[in-house]
Amino acid sequence: MKYIVIPEPGKVEVKEMEKPTLQKGEAILKVLYGGICGSDMGTYKGTFLYASYPRIPGHEFSAEVVEIDENDYGIKKGMIVTANPYFNCGKCYSCRRGFVNCCTGNQTLGAQRDGIFREYYSMPIERIYDGKGLDALTLSMIEPFCISYHSIQRTSVKKGDKVLVVGAGPIGLFAVMAAVLKEADVYVSDVMQSRLDKALSLGAKGIIRTDKENFEERVKEITQGDGFDVCIECVGLPQTFQNCIDAAAYRGRVGLVGVSKQKLNFAFTLIQTKELDIFGSRNALKKDFIELIDLVSSGKCDVKKIITDIYELNNAENAFKEMRDDPSNRLKSVIKIG
């Protein structure tokens, strides 16, 4: 079977390996679509915190179950599915308390272990979730939506909250969708007009173009000087985290989703002065997957609006190159694998 590998920063190759054989407690999945995540791009560019080489990327995907034994999870041959790609140890203090998404030894596909960008993959059955009739392309967007949805859950976004999403990449835009589902008033900041326009089309009430507008003044204007109830950081830079701290209301909540190698250096006393609640948000839980599959199935949101490009497996190198070289016109690129 074919697979995609990043042997070193700046290179993508399509190679061949043996197809997996069925193991007890697992299912053989024929991978259909795989989304290129920001972490995959970080591995490609050499900027991702958890990158090592060579690495098979990919953890956003849909697949068809092609081989499986009888099981207690209701997963059957022929189902179109997605799966939880965050492998936890089951033994650490986080896992013992049920916080499996932040296992101290977490290994996410495509990050700490080789990923899903291959024609077939053997996946533990308990990690596989029925797509409930969603088409394969839509289903490949559930995992990145879960990342954002989890952050909205962590920060307890509710109806009427003024929410600022900092960063209008795919995770930021999925955060917009998740907050809109909660009936919040959502605003977005970014430097790319095309991405801010997309945020407006997804239900954002307003935007802040941070490279052309005074951020502090716009926050005051939007909130009548009160600040935002919730700020969600989806970039992973010290300055964008600082923007969240600055924009949050006194007793506001800040969710940190972005991943970075950089270290912070800022006036941290503002956290104490405002008595802010700061929430790290890592990965997602099974309940996030199940809830979002149901929400998307109900027609309440269209996750395919995030997709801008679909590439064939053999054209994977161009998919990464074009995403790197022209990010303003490419939001979520998907590789058709099966």
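Residues numbered from 1 in each chain as written. Predicted model: local features only at pLDDT ≥ 70, side-chain atom pairs only at ≥ 80, totals over all residues. Heavy atoms only, no water.

Caption draft 1: Representation of the sheet that holds strand β15 (residues 277–280) within the structure. Spatial strand order, β12-β11-β10-β13-β14-β15: 6 strands in an open sheet with parallel pairing. Of all the strands in the sheet, the pair left with one neighbour each is β12 (206–209) and β15. In this sheet, neighbouring strand axes are inclined to one another by 20° on average, regardless of whether the strands run parallel or antiparallel. Bridge count for strand β13 (residues 228–233) against strand β14 (residues 248–256) is 5 bridges, and the pairing is parallel. (Pairing = 2+ DSSP bridges. Helix = DSSP H or I, 4+ residues; strand = E, 2+ residues; numbered from the N terminus. Axes fitted to C-alpha atoms, helices over the stretch in contact; angles between N-to-C directions.)

Caption draft 2: Spatial organisation of unusual backbone geometry. A cis geometry characterises the amide bond from Y53 onward to P54, with omega recorded as -5°. Within the fold, P54 resides in the loop between α1 (38–45) and β4 (60–68). Phi at S156 is positive, roughly 55°, even though this residue is not glycine. Tracing the backbone through its elements, the reader meets S156 in the loop between α4 (142–154) and β10 (162–166). A relative accessible area of 47% means that S156 is categorised as partly exposed. Positioned with a positive phi, E183 is a non-glycine residue whose angle comes to about 65°. By the element assignment, E183 lies in the loop between α5 (170–181) and β11 (185–190). (Buried < 20%, exposed > 50% of the residue type's maximum accessible area, 1.4 Å probe, protein only.)

Caption draft 3: The arrangement of the environment of V81 in detail. Tracing the backbone through its elements, the reader meets V81 in strand β5 (residues 80–83). For V81, a relative accessible area of 0% gives the class buried. Along the chain, V81 and Y121 lie 40 residues apart, while their C-alpha atoms are 13 Å from each other.

Caption draft 4: Examining the pattern of salt bridges more closely. Enumeration over the complete set of coordinates arrives at 21 salt bridges. Between K159 and E183 there is a salt bridge, with its nearest N and O atoms 3.9 Å apart. Note that K159 is positioned in the loop between α4 and β10 and E183 in the loop between α5 and β11, a separation of 24 residues in sequence. In this structure, a network of salt bridges that share partners links the residues D309, E322, D326 and R330. (Salt bridge = Lys/Arg side-chain N within 4 Å of Asp/Glu carboxyl O.)

Caption draft 5: Representation of helix α7 (residues 215–223). For α7, the full list of buried residues reads F215, R218, V219, I222 and T223. The buried residues of α7 occupy an angular sector of 115° when projected down its axis, which confines them to one face. Exposed side chains of α7 directed beyond 90 degrees from the buried face belong to E216, E217 and E221. Of the residues flanking the start of α7, the one acting as N-cap is N214, its side-chain oxygen 3.2 Å from the backbone nitrogen of E216. Backbone geometry just downstream of α7 places Q224 in the positive-phi region, at approximately 55°. (Arc of directions from axis to C-beta. Polar contact = N/O pair within 3.5 Å; in protein donor to acceptor, adjacent residues only side chain to side chain.)

Caption draft 6: Quick look at the packing of α1 against helix α11 (residues 316–325). Axis separation between α1 and α11 bottoms out at 11 Å; the angle between their running directions is 90°. In terms of orientation, α1 and α11 fall into the roughly perpendicular class. Here D40, M41, Y44 and K45 of α1 come into contact with α11, specifically with F320, K321, M323 and R324. (Parallel < 35°, antiparallel > 145°, perpendicular 65-115°, else oblique. Contact = heavy atoms within 4.5 Å.)

Caption draft 7: Inspection of a nonpolar patch on the surface at higher detail. Side chains of L49, Y50 and V259 sit close together on the surface and give an oily, nonpolar patch of about 250 Å² of accessible area. By relative accessible area, L49 is classed as partly exposed at 40%. (Patch = residues over 30% accessible without salt bridge, like charges linked within 9 Å, V, L, I, M, F, W, Y side chains within 5 Å. Areas by Shrake-Rupley, 256 points an atom, 1.4 Å probe, with all protein chains shown as cover.)

Caption draft 8: The packing of aromatic side chains, seen in detail. In this structure the tally under the stated criterion is 6 aromatic pairs. Taken together, the ring pairs connect Y86, Y129 and F289 into an aromatic cluster. When the ring centre of Y120 is taken as origin, the NZ or CZ atom of K19, which lies over that ring, is 4.3 Å away. (Phe/Tyr/Trp six-rings, centres within 6.5 Å; stacked < 30°, edge-to-face > 60°. Lys NZ or Arg CZ within 6 Å of the ring centre and 35° of its normal.)

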